[in-house]
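Architecture and fold: a report
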Amino acid sequence: MSNVALPHEPDRSSAVSRLVRLYESRKDLQTKYPEAAFGDLENLIGWAADTVLKSRKDRDARTLNAYAAWYVHSASKQELEARTTELESARGQLEATHARILYLEDLKSKLENNLEARTTELESARGQLEATHARILYLEDLKSKLENNLEARTTELRELADEREVIANRLHYTQAELDDIKASFGFWLTRFYGSRLDRFLPGGTRRGEIKRIVANGARIIVKDGLRRFFSVAWQKARIGNLAVQREPSPELPSGVVARDSVRPSTVETGPQISAVTPKPVIFPEPSTVETGPQILMKCDRPPLSGEPSGVSSCFVVEGWVIAQEGVSEVKVFLDGKSLGSASMGLSRPDVARAFPTFPNAERSGFMKLVTVEGGAERTRHSLKIVAEGQNHALATIEGRVVVEHSPVEAIRTADHADKDAQLEVARGKPSVVVLTENPPADFEHTLQRLRDQQGIEEAEIIIVNSGEEDLSHLSGKYQARILRIRPEEFEHGATRNFGAQESTGDYVFFITDDAIPASRYLLRDMIRCLNGDETIAGVTARQIPRSDADLMACQAIWWHYRMLELRKDRVVWSANLDNLIPRLKRGICQVDDVCSGFRRDLLLEHKFAIGQRYAEDLELGMRLVRRNLKIGQLFSVGVIHSHNRSPSYYVKRTYVDIKTLSRLLRTEKEELDQGSASSLGTLLDAIQDVCDRVCVAIDHLRASEFCGGDVDGTFETIREHLKDGIVPATGLKLPSQDLSSALKEVFSIVAHTPTQRKGHNPLCVQFQASVDVFRSWLTETHEGLEGIEEPLIESLVKLLGAEIGRWLAHHYLYCRRSRRLTATMKKLDRFLSEDV
Amino acid sequence: MMKVLFLVHQFFPKSYMGTERFTLDLAKQAQRMGYNPRVLTYDRSPDRKQFEKLTDNVLVRHYRYAGIPVTAVHSRIADAIEIFDHSVATAVDMLKLDCDIVHISHPMWVASVARALKQVRGIPVVMTLTDSWLLCPRGLLDLGCRLCNGPEAGARCIRCCRFSSKIKSRYEDAKTLFDMADEVVVASRFVANLFIQNGWNRKTRIVPHGIDYSNVQVAECHERSRLTLGFIGSIAWHKGLHVLVKAFRKVPDDDLRLRIHGSESESSDYYREVLALARPDSRISFLGPFQIDRLPDVMRDISALVIPSTYYEPYPLVMLISLAYNVPVIASNIGGIPEVIRDGINGLTFEPGNVDDLVRVIRQLADRPQILQMLRSNITAPRRTEEEALDYDNIYRNLKPA
């Protein structure tokens, strides 16, 4: 038994809080262990343990000594766990290797067996081939015999046809004579009934019945001849009933339904069938006409007689139907509702054998696939099959089935109703505020996706239109409220506050007009996040690049989330925000107005800042975190949003971003580090130098066909050109006319004539760092350059544009802080801040 | 970032059907979202000059298509019916496939690669069932091209389609693959039910396909004096072009046109039959296949797209493309189609193979072309590739957390 005293668990919270306080007060620790800001303290505790064990001299070692035992114990425990994990991983690998060996051995034996089987098959095939050859010889002989036979039969057939024609002529004349006889006989028969036949009839026979008997008698004479009439009449007279009986039905298989030709009122059918009008029949009183069975039908699957049979939610109704005069349609009804016609004409040789006299028996099969929408595990339904003959006779089979629904899970944004998800409606009414000025072409996609959101209470959609275009036609289509403001009234913060004030929901969501929700459950998941904790004030969802996004746009989104360390859904906050380094501040406070949501009451309390031209979302996020509120950042849901911008836009956008973030995140140190060029002219010369180097590098890459498509070779070429050394001036002839023009404008504002720079250029090092980030993205996502050579050049130029914007912004901030802002610098600032 | 290996039975540029388009669009979007995708496919008729020998029986070729690296393999002894092909399986190690997730877009020819990677390296497998091939190599049509509802563990295949008894072992292999996959995904509820109905009960996810809108240009709709029906797809019996041609010819309206865009060998009997059926009617034009960049022009010329399929159409991409272009769809009421096309709302449906029913629909449109305007106004833009990719992104992340 160990006699070492283990640290008590109550020590944990004190030890951790002391360590976190230390972390928040020390920027070197924040830079080294950024993950600790998001709750991952493993490495930080390791550092503390090393420090207290004196393996690392540190000024705060004494502070930590009070909980030395806990840090050491925790670190040891973590190390033990890591080692255990490694051991398990090694064991797993060993097992995998073992499994692989077994698999390969198994594969080998299977292949051997396969080879053996194939050899046997080959031999068998050879035997079959020989047999086939013999059969071919036999068939050829048979064919020649049959051909001879066919010729003889053809001659015979021709003679028979001639003979048939003669007989047909004779039959025609005989038929005419017979008709005359029948007519006179019918007249005689009527008189005979009137005078003599009463004595043959049973007592109480009514006059109408007599007429019916007469009609039947006439029909038999017309159809089957006098001999048959007398035979039937004699038999019936002997048993005292002259009514002619039905002709005997063929014996029917069990489950077969037979129906006679009947009037619609006597048929039990669904509403669709009752509208069928019967064709007029030959005799005046159709109800008295007795005919043979018209339609025979049987349902093979599912069995409809007896106990209800169990079927899956997608099942087949299969069976056969025959009729002397043909079947026109078979309809299937589930719970009284028509599912449409079944496919007919399927081959049924078994039916043809059983009913050889029916003309359609050979192809009498029918089939209908029935899909029952999900519900409880087992649901009972009535199933009816109605067949209609060419003569409008009907036959019906009815029964019950029990549908057993299977576990099918509809994933988010599935086009089909996800019943479970619908049941779990997130509490709270959402209001969605969409700001627009000039709606993009697919603006209605945004509205459609918002309208179709699932798992929420009915959403309120508010469109704040600051443009000239009339959007009132969207109001009815998407149940949206359109609020119009004048273009000059638009202001990022104020307009959003206005939208929030106009809303009536519990939660207010903001989405830009060019962002399309990528999930039907976007709002539901955002509301659930807000509902998870009362102190969560805001929530934001990720951006997904559009399918037409260029390399630079994709890389920018990738880098944004990597920089924020956002890889999964999380809730973030900080009790000591201002002590964190800028990157962590941004990571914690980032609420992205492309898609964000807030508790309405908290939003109306804190509001967006007015006069904030950019990053109004980050500014609000920082104020919320400072008030001990939390931010939800979702990675599992998002909106489709990206822009393909020009290089000159990147110059201006980055310039503005840097200026804004500098104020919000207080990035003085970076400004001092990177904006310390002695003068604007010197900076422009350095920019000119970088541009020249990039131009030459691009020419070189094109000449070498991008080093044969090799990623490493291509980026090494760029690196070589960014190293110190004189590069011939290109006079701002960049591959992008747009960037060249923007830079010429900058040079013109400053009235600077570029001179060739000599010596070390620090901007080359900074640009190389950006290129390296881009390279790491490209190598992670693309395994080669084939097909993306020119997009890569475009991206390099855009990257250069972004870097130029950054350098100019840092220089501006450096000058402002050191109170050296000149009129030229202010003029340049106005140019770089416009049209963004 | 994760490396995803897509396995598909055939691929661009040789083959460009719906499954290939789904695979390419998803791979490209995954790449935009930071994944490293690669496609492994099979080439049935390889050009020997482009391929190199990997093993005695397996040839291989590496190339790129639309920025996606592709590895094409060919086996001399592969069998199109079998699920697992041992010759390709033995070559998996030599292919040096480096991936974190295997995504089967279609298992034909390539399923053995997924099995080997799963069994030996423990790599998670996602399988999207884009059709019924796993159940039936004949697409659930019997020898007489009649609909079949399932193999009954192979017994029905032997009875109706005269397969040898080997079909039973194929069925077992298919079930093994189905059970082996960590996630089984389908595009429509119909396909999910098709497998469940055959007793393959497991949790499947429904992720409807998306459309790459980067080339979609919705034209302003002007009422045309002539009603132009369009057909886009393979000219094969199960696609039902004969039904459309027969029905179209029964509506003798001079203001009607039918434009057929489809690929099929001219030597095909079916193609010749349909051609003969259509030839006397000058209103019908056969325009052959077209490149994807011509799609906006093709769609601009069509008033309504007809999908007259006579088999269980799982979830046709051409239907979604048509809706993306705001062109109404007239389609057989079969398979996954009714899950998207609601009769009289965003399209019109008719009974599969029923010429008279299709005549009724065409006549309805010819008599009252304003119906098209009504249908167009009800069309909701179908899902985008980005939406579909986000669903798969969540699936991949669940299987392989960062």
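Use the structure listed above.
Residues numbered from 1 in each chain as written. Chains lettered and ligands numbered in written order. Predicted model: local features only at pLDDT ≥ 70, side-chain atom pairs only at ≥ 80, totals over all residues. Heavy atoms only, no water.

**Overview of the overall build of chain A**
Secondary structure assignment for chain A yields 27 helices and 20 strands. A buried classification covers 47% of the 836 residues belonging to chain A. Of all intrachain contacts in chain A linking residues separated by at least 6 positions in sequence, the fraction that spans at least 24 positions is 75%. Carbon together with sulfur atoms contributes 52% to the accessible area of chain A, which is approximately 44,100 Å² in total. (Helix = DSSP H or I, 4+ residues; strand = E, 2+ residues; numbered from the N terminus. Buried < 20%, exposed > 50% of the residue type's maximum accessible area, 1.4 Å probe, protein only. Contact = heavy atoms within 4.5 Å. Areas by Shrake-Rupley, 256 points an atom, 1.4 Å probe, with all protein chains shown as cover.)

**A word on the packing of helix α15 (residues 551-563) of chain A against helix α25 (residues 762-781) of chain A**
Residue and element names in this part refer to chain A. Running from amino to carboxyl end, α15 crosses α25 at an angle of 100 degrees, the nearest separation of the two axes being 10 Å. Here α25 runs roughly perpendicular to α15, going by the angle between their axes. Facing α15, whose interface residues are L551, C554, Q555, W558, W559 and R562, α25 presents V773, F774, S776, W777 and E780. Here the contact of α15 with α25 is built from residues that sort into 7 nonpolar, 2 polar and 2 charged. (Axes fitted to C-alpha atoms, helices over the stretch in contact; angles between N-to-C directions. Parallel < 35°, antiparallel > 145°, perpendicular 65-115°, else oblique. Nonpolar A, V, L, I, M, F, W, Y, C, P; charged D, E, K, R; others polar.)

**Structural notes on the nonpolar core**
L7, L40, V102, L117, M127, L134 and L177 of chain B are the most contacted members of the largest nonpolar core, which totals 62 residues. For this core, the element with the most residues is helix α4 (residues 111-121) of chain B, which contributes 6 residues. (Core = buried A, V, L, I, M, F, W, Y, C linked by side-chain atoms within 4.5 Å.)

**Some remarks on the packing of aromatic side chains**
Scanning the model with the defined rule gives 23 aromatic pairs over all chains in all. Plain terms: the ring middles of W320 of chain A and F355 of chain A are 5.5 Å apart, the flat faces sit at 45 degrees to each other, and that makes the pair tilted. Here W320 of chain A, found in strand β4 (residues 314-323), pairs with F355 of chain A, found in the loop between α9 (349-354) and β8 (365-371); they are 35 residues apart in sequence, far enough to count as distant. Judged by its relative accessible area of 4%, W320 of chain A is buried. Ring geometry for F355 of chain A against F358 of chain A: centres 5.8 Å apart, planes inclined by 90 degrees, an arrangement best described as edge-to-face. In this structure, F355 of chain A and F358 of chain A share a single accessibility class: buried. The structure contains a cluster of three or more aromatic residues connected by ring pairs, namely F22, Y35, Y392 and Y396 of chain B. Against the face of Y649 of chain A rests R645 of chain A, its NZ or CZ located 4.1 Å from the ring centre. (Phe/Tyr/Trp six-rings, centres within 6.5 Å; stacked < 30°, edge-to-face > 60°. Lys NZ or Arg CZ within 6 Å of the ring centre and 35° of its normal.)

**Looking at the interface of chain A and chain B**
Contacts between the two partners involve 73 residues from chain A and, on the opposite side, 66 residues from chain B. When the two sides are added together, the surface that chain A and chain B hide from each other amounts to roughly 5,900 Å², 50% of it contributed by carbon and sulfur. For the pair chain A and chain B, the interface holds 7 salt bridges. Two residues, D393 of chain B and R542 of chain A, come together in a salt bridge whose shortest N-O distance is 2.6 Å. (Buried area = accessible area lost by both parts, 1.4 Å probe. Salt bridge = Lys/Arg side-chain N within 4 Å of Asp/Glu carboxyl O.)

**Quick look at the sheet that holds strand β13 (residues 304-307) of chain B**
Residue and element names in this part refer to chain B. Here 6 strands make up an open sheet; going across it, the order is β12-β11-β10-β13-β14-β15 and the pairing parallel. One side of each edge strand has no neighbouring strand; the edge strands of this open sheet are β12 (284-286) and β15 (347-350). Adjacent strand axes in the sheet meet at a mean angle of 20 degrees, parallel and antiparallel pairs treated alike. Of the strand pairs in this sheet, strand β10 (residues 227-232) and strand β11 (residues 256-261) are connected by 6 bridges, and their pairing is parallel. Residue pairing across strands places L227 opposite L256, the latter belonging to β11. Of the strands in this sheet, β10, β11, β14 (329-332) and β15 touch helix α12 (residues 355-367), which is tilted by about 155 degrees from β15. (Pairing = 2+ DSSP bridges.)

**Some points on the state of the cysteines**
According to the stated counting rule, one finds 0 disulfides over all chains in the structure shown. Here C589 of chain A stays free of any disulfide, with the sulfur of C529 of chain A as its closest cysteine sulfur at 15 Å. (Disulfide = S-S within 2.5 Å.)

**As for the pairing of strand β12 (residues 430-436) of chain A**
All names here are of chain A. Of all 7 residues that make up β12, 7 are buried, and the element is covered over most of its length. For β12 and strand β15 (residues 507-512), the ladder comprises 6 bridges, and the chain directions are parallel. Bridge assignment links V433 to a residue of β15, and that residue is F510. Two elements, β12 and strand β13 (residues 460-465), share 6 bridges in a ladder whose sense is parallel. Among the inter-strand pairings, V434 is bridged to a residue of β13, identified as I463. Running through helix α11 (residues 443-451), the crossover from β12 to the neighbouring parallel element β13 is right-handed. (Right-handed = clockwise from strand over helix to strand, strands pointing away.)

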